[in-house]
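What follows is each chain in one-letter form.
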Amino acid sequence: MAGLGRGHNSIKSWLILVVVLSQTLLALGLLVIGILFTHRQLRSTLDGHIQAHAMSVAALVRYTEDATGNVYFDDSLMPPSVDPSRPDWYAVWTERSGLLTRSANWPAGFEIPPNGPDHWSFTWANIRYRGLRLFRVPVLDREEGSAFHPQTLTIVYASPTARLDQQVKHSGFYIALSSLLLLAVTIPLALWGIRRGLLPLQELAGKAALVSSHNWELQLPEEIQQIEELRPLTDSMSTMLERLRHSFDQQGEFLGNTAHELKTPVAMLKSTLQSLLQRPRPLEEYPAGIERSLEDLDRLEQLLQWILRLARAEQWARGALRRDLEIIDLTATCEDAIERMRALAESHNTTVHLSRNGPMLFRADPEDLQLIWTNLLQNAIRYSPEGGSVAVVVSWGSGGGAQIIFEDHGAGIAPDHLPHIFERFYRGDPSRNRATGGFGLGLAIVKALVEAYGGSITADSTPGKGTRMTVVLPAVPKF
Amino acid sequence: MRVLIIEDEPRLAENVARSLRESAGYAVDIANDGREGLFMAESNEYDAVLLDLMLPHIGGLQVLHHIRGAGQRTPVLIMTVREEKESVVALLNAGADDYLTKPFDLGELLARTKALIRRGKGHPSPLLAVGDLELNTVDRSVRRGGRPIGLTAMEYRVLEYLAYRPRAVVSKTELLEHLYDYNWEKFSNVIEVYISGLRRKLDDGSTHQLIHTLRGQGYILQD
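Please read these numbers as outputs of a predicted model, since none were measured by experiment. (Residues numbered from 1 in each chain as written. Chains lettered and ligands numbered in written order. Predicted model: local features only at pLDDT ≥ 70, side-chain atom pairs only at ≥ 80, totals over all residues. Heavy atoms only, no water.)

### What about the overall build of chain B?
Along the backbone of chain B there are 8 helices and 11 strands. Taking all 223 residues of chain B together, 51% fall into the buried category. Once local pairs closer than 6 in sequence are excluded, the contacts in chain B between residues at least 24 apart make up 61%. Here chain B has roughly 9,800 Å² of accessible surface; of this, 50% comes from carbon and sulfur atoms. (Helix = DSSP H or I, 4+ residues; strand = E, 2+ residues; numbered from the N terminus. Buried < 20%, exposed > 50% of the residue type's maximum accessible area, 1.4 Å probe, protein only. Contact = heavy atoms within 4.5 Å. Areas by Shrake-Rupley, 256 points an atom, 1.4 Å probe, with all protein chains shown as cover.)

### Here we look at the interface of chain A and chain B
Taken together, the 27 residues of chain A in the interface contact 24 residues of chain B. Both sides of the chain A and chain B interface together cover about 2,300 Å² of buried area, and 44% of this is carbon and sulfur. The largest contributions to the chain A side of the interface with chain B come from H260(A), K263(A) and Q278(A), which together make up 24% of the buried area. Where E9(B) meets R299(A), a salt bridge forms, and the shortest distance between an N and an O atom there is 3.4 Å. Where chain A packs against chain B, one counts 14 residue pairs in polar contact (both at pLDDT 80 or more). Elements represented by at least two residues in the side of chain A that touches chain B include exactly α4 (231-277) and α5 (285-317) of chain A. The greatest single-element share of the side of chain A that touches chain B, amounting to 14 residues, is contributed by α4(A). Counted by class, the side of chain A that touches chain B contains 5 nonpolar, 10 polar and 12 charged residues. (Buried area = accessible area lost by both parts, 1.4 Å probe. Salt bridge = Lys/Arg side-chain N within 4 Å of Asp/Glu carboxyl O. Polar contact = N/O pair within 3.5 Å; in protein donor to acceptor, adjacent residues only side chain to side chain. Nonpolar A, V, L, I, M, F, W, Y, C, P; charged D, E, K, R; others polar.)

### So, the sheet that holds strand β5 (residues 98-101) of chain B
All names here are of chain B. The strand order across the open sheet formed by 5 strands is β2-β1-β3-β4-β5, and the pairing between neighbours is parallel. Looking at which strands have only one partner, the edges of the open sheet turn out to be β2 (27-31) and β5. Neighbour to neighbour, the strand axes of the sheet diverge by 20° on average, direction disregarded. Strand direction decides the pairing type here: strand β4 (residues 76-80) and β5, joined by 4 bridges, are parallel. If you follow I78 over to β5, its bridge partner there is Y99. (Pairing = 2+ DSSP bridges. Axes fitted to C-alpha atoms, helices over the stretch in contact; angles between N-to-C directions.)

### Some words on the nonpolar core
Within soluble globular proteins, side chains that are nonpolar tend to cluster in buried spots. In terms of nonpolar packing, the biggest core is built from 54 residues, with L330(A), L369(A), W373(A), L376(A), I404(A), L441(A) and L473(A) touching the most fellow members. Filtering out sequence-adjacent residues up to four positions away, L376(A) remains in contact with F406(A), L443(A), V446(A), I457(A), M469(A) and V471(A). By size, the runner-up hydrophobic cluster in this structure holds 52 residues, among which are A13(B), L20(B), V130(B) and L135(B). (Core = buried A, V, L, I, M, F, W, Y, C linked by side-chain atoms within 4.5 Å.)

### Notes on the layout of surface pockets
All names here are of chain B. Its boundaries defined by the atoms lining it, the second largest pocket holds a volume of some 340 Å³. Mapped by element, the contributors of at least two residues to the lining of the second largest pocket are α5 (106-120) and α7 (172-179). Split into classes, the residues belonging to the lining of the second largest pocket amount to 6 nonpolar, 5 polar and 8 charged. (1 Å grid on protein atoms, 1.4 Å probe; cavity = no way out; pocket = protein on both sides within 12 Å on 5 of 7 lines; lining within 4 Å. Points joined across faces, edges and corners; volume = space filled by probe spheres on them.)

### Some remarks on the sheet that holds strand β5 (residues 119-124) of chain A
Hydrogen bonds between backbone atoms are what pair the strands of a sheet, whose relative direction is either parallel or antiparallel. Residue and element names in this part refer to chain A. Read from one edge of the open sheet, 5 strands run β4-β3-β7-β6-β5, paired in antiparallel fashion. With one partner strand each, in any of the chains shown, β4 (98-102) and β5 form the two edges of the open sheet. The average angle at which neighbouring strand axes cross in this sheet is 25°, direction not considered. Both β5 and strand β6 (residues 127-138) contribute to a ladder of 6 bridges, which runs antiparallel. Within the sheet, the bridge partner assigned to F122 lies in β6 and is Y129.

### Here we look at the side chain of S19(B)
Within the secondary structure, S19(B) is located in helix α1 (residues 10-24). Setting aside anything within four residues of it in sequence, one finds S19(B) in contact with Q278(A), A24(B), L106(B) and L110(B).

### Digging into the pattern of salt bridges
If the charged atoms of two oppositely charged side chains come close together, the side chains can form a pair. Summed over all chains, the structure comprises 33 salt bridges over all chains. The partner of R130(A) in a salt bridge is D47(A), and the shortest N-O contact between them spans 2.8 Å. Taken together, the residues span a long stretch of sequence, with R130(A) in strand β6 and D47(A) in helix α1 (residues 11-59) at a distance of 83 residues. Both residues of the pair, R130(A) and D47(A), belong to the buried class. Put simply, D132(B) and R144(B) hold a salt bridge, and the shortest N to O gap is 3.0 Å.

### Looking at unusual backbone geometry
The step from K102(B) to P103(B) runs through a cis peptide bond, and the omega angle for that step is -5°. With respect to the secondary-structure elements, P103(B) resides in the loop between β5 and α5. For A125(A), which is not glycine, the phi torsion reads 50° and is therefore positive. For R140(B), which is not glycine, the phi dihedral falls at a positive 55°. Tracing the backbone through its elements, the reader meets R140(B) in the loop between β7 (133-136) and β8 (141-144). Its relative accessible area of 25% is what places R140(B) among the partly exposed residues.

### Section: the pairing of strand β6 (residues 127-130) of chain B
All names here are of chain B. Side chains L128 and V130 project from β6 onto a buried face, and the interleaved L127 and A129 project onto a face without burial. In terms of strand pairing, β6 meets β7 through 4 bridges, oriented antiparallel. Paired with L128 across the strands is L135, a residue of β7. In textbook terms, the turn of a hairpin is the stretch between consecutive antiparallel strands, and for β6 and β7 this stretch comprises 2 residues, one of which, G131, has a positive phi near 60°.

### Regarding the pairing of strand β12 (residues 402-407) of chain A
Residue and element names in this part refer to chain A. As judged from the 6 bridges shared by strand β11 (residues 389-396) and β12, these two strands associate in the antiparallel manner. The residue bridging S395 from the neighbouring strand is Q403, located in β12. The hairpin turn running from β11 into β12, its antiparallel successor, is 5 residues long, and G400 in that turn takes a positive phi close to 90°. Note: β12 against strand β14 (residues 466-473), 6 bridges, orientation antiparallel. Along β14, the bridge assignment pairs I405 with T470.

### Considerations on the confidence of the model for chain B
Residue and element names in this part refer to chain B. Within chain B, residue pLDDT values average 89, and 99% of them lie at 70 or more. Of all secondary-structure elements in chain B, the lowest mean pLDDT belongs to helix α4 (residues 85-93), at 85, while strand β1 (residues 2-6) reaches the highest, 95. Here the predicted complex carries an ipTM of 0.78, next to a pTM of 0.60. (pLDDT = per-residue confidence, 0-100.)

Below is the structure:
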C-alpha cells in the first residue's frame, strides 16, 4: 500500500484506480499495436500495387523495329495511378541511353537516394510518398535475331500515401472507439467485482462492531470464515478478543472481590457504632467505643492499602508503570528483610538462616524486593513451630538468573489449597489466614511483583514437613 | 434463648453478641472458625445459629450442610457479603432459614433473629399467652391479668423459654442449656432460685399458680 497517496486510504478506491489504469493502458496498447499493424499491412499492399504499376511501366518499353536494340516508351497504354485521384510519378532509364521517359509531374530537382531498400518512404513538398526503385529490369518486349542487343532498364515509381494514411487513421479511430466501448463494459464489471469481493470485509466489520463488553463472541458466517485471505485476520481477532475478555473478566473479578472484602470491615465498623448507640450507656463507655471504631477504621485503611499495592503491582506487571531502576544487591535486600523481621522471629522463638552466594546484582526497586522478602519471611516464620528454623538460600539458578528459596518446617499447606494460595483474597487454608493482615492479599502481591520483574514464584509443600517458596528472577529483567 | 454466632471476624462477632445479649437477653456463644462452630452446634442446643460464609477450616455452607445433614432443626441465619440472587437461592436451598448481607443493621439482625426463634418454636406472633399471662417478646414486658409484672433479666429469660413451650415439661438441664452460654458454670440450683422468684412475682394477687414443679422431671407452665 506504499503507492497509496495520502488521500487514498480506501482499498476499494485503490483497486478501482488500478483496474481503470490497467484497462486504459491495455486499450492504449491495443490502439498503438493496431495502428502499427494496419499501417504495415496497408503499406505492404500499397507496395504490391506500386510494384505492379512499375512492372506495367516496364511493359510499355518496347524495342524499335530495327535490330539496334534501341527502345521507345509507348505511353498510350499507361495505366491509371494507384490512387486514381492522386497522380503517381515515374521515370525510366535505359542502360545505354539514359533517361527514356518520365511522368509529366516528375518534380524538378528530385534526387533518388543512391542506396537503401527497393521500397522507401519520403516526403516531397509536404506530401508523403511511397517509392520503388527497380534496377536491371529486362525489357519485356523481346525480339529474335543474332544481331539483337538486349538492354535493361532502371525504373522509379512513386505514389502518394494520402489514401493509406487516411485508411490508417480510420482504422485507428475504429480501434479506439471499440476499445472505449469495451472499457465502458469491462470497467463497471470490474467495479462490481471489486465491490462484491470486498463485501465480506464489510460484513466482518459489521460483525466486529457488534462485539462489546457484554458480548465477546465474534460470530462470523461460515462463508467468511472460509475466505483464505481473511483467515489470519479473523483468527487474530478471535485470539485478541479472548485475551481481552480474560483480562476484562479478571478486572471485574478483582473489583467484585475487593468490594466484597471491603464489606466485612465496614460491617465491623457499623456494628461497633450501632451497638454503642443501641441503648443509653454510661458516659465512660463512649471513649472506648470510639476507640474500637478507630481500630475498625484502621483495619479498613490497611485493607485499602493492600488492595492499592496489589493493583499497582498488577498494573506494573502488565507494563503500565515504568520506573528508573537502580542496580542493587539481592543478597543485601534479603539481609535487610531478615533484619526487619527479627522482632517477629524472636517472638516466635524462630531462627532465620541465610546462605549467601556473594553479591548478586539486579536492577530493581529495593522497596519492591523488600515487600516480597518480608511477606515470604513473615509467612515462613509464622508457620514455623515454636523453636523452629527458617532457611533463606540465595543462589544462581540454572538459567543464569537468581534463585531465592524460603523454607520453613511448619505444618505445610494441604494439597487442595496449594494451587490457590497466590490467588487474591484466597484464605481457604486458615493456617495461611492472618499472615499478611488476614486479607489474603500478601502472596498475590508477591506474585504480581515477582512477575513484574519477569520472574516466577512456585510453592512446594508437604503437609507436616514444611513449605518451600522458590522465587526465580531473570538475570536481565525484561523491560 | 441461646444463640451461636459463627464468624471469623472477632470484632464483628463480639458486636453482634453484645447486641443480642443486651437487647434480647439471649445467651450467646461465639465460634471463630467453621470447625469450632460445627463442634459447638453439634454439642449444644441452640435456638438459632448466625453463620458467616467465609470461614477458616470449614466454610459456612459446609457447616450448614453438616447441621442439616445431622437432622438439626435449629434456625440458621446466614451473614454474607454476597447478595447475588443465585447465591441467596443456593443458601436457602441448602437449608438456611434467612440471610442478611454485610454490612447489616444490628437492629435488623436482632429482629430477624427473634423472628427466626419465634418461628422455630412454632409461634410466629411476638406475643405469647398462657392463660391470663402475656409476654411481649419485642419489648420483653410481662403482664398477668392486665397487671404489669417487673422481672429481672434472668427471670424473664426463664419465663420466656417456658412460655414458648406451654404445657410441656421442661427439665432444669434444658433450661440451663438454653439460658447460659458456654462460658458459664452451670449449677442447677440457680434455676430453682429463678423459678421461686418468678412464682412469687407472677402469683402475687392470683388464685392459682402458673409454674408447676414435677419432681425429678422439671417444670410446666400452664393455666
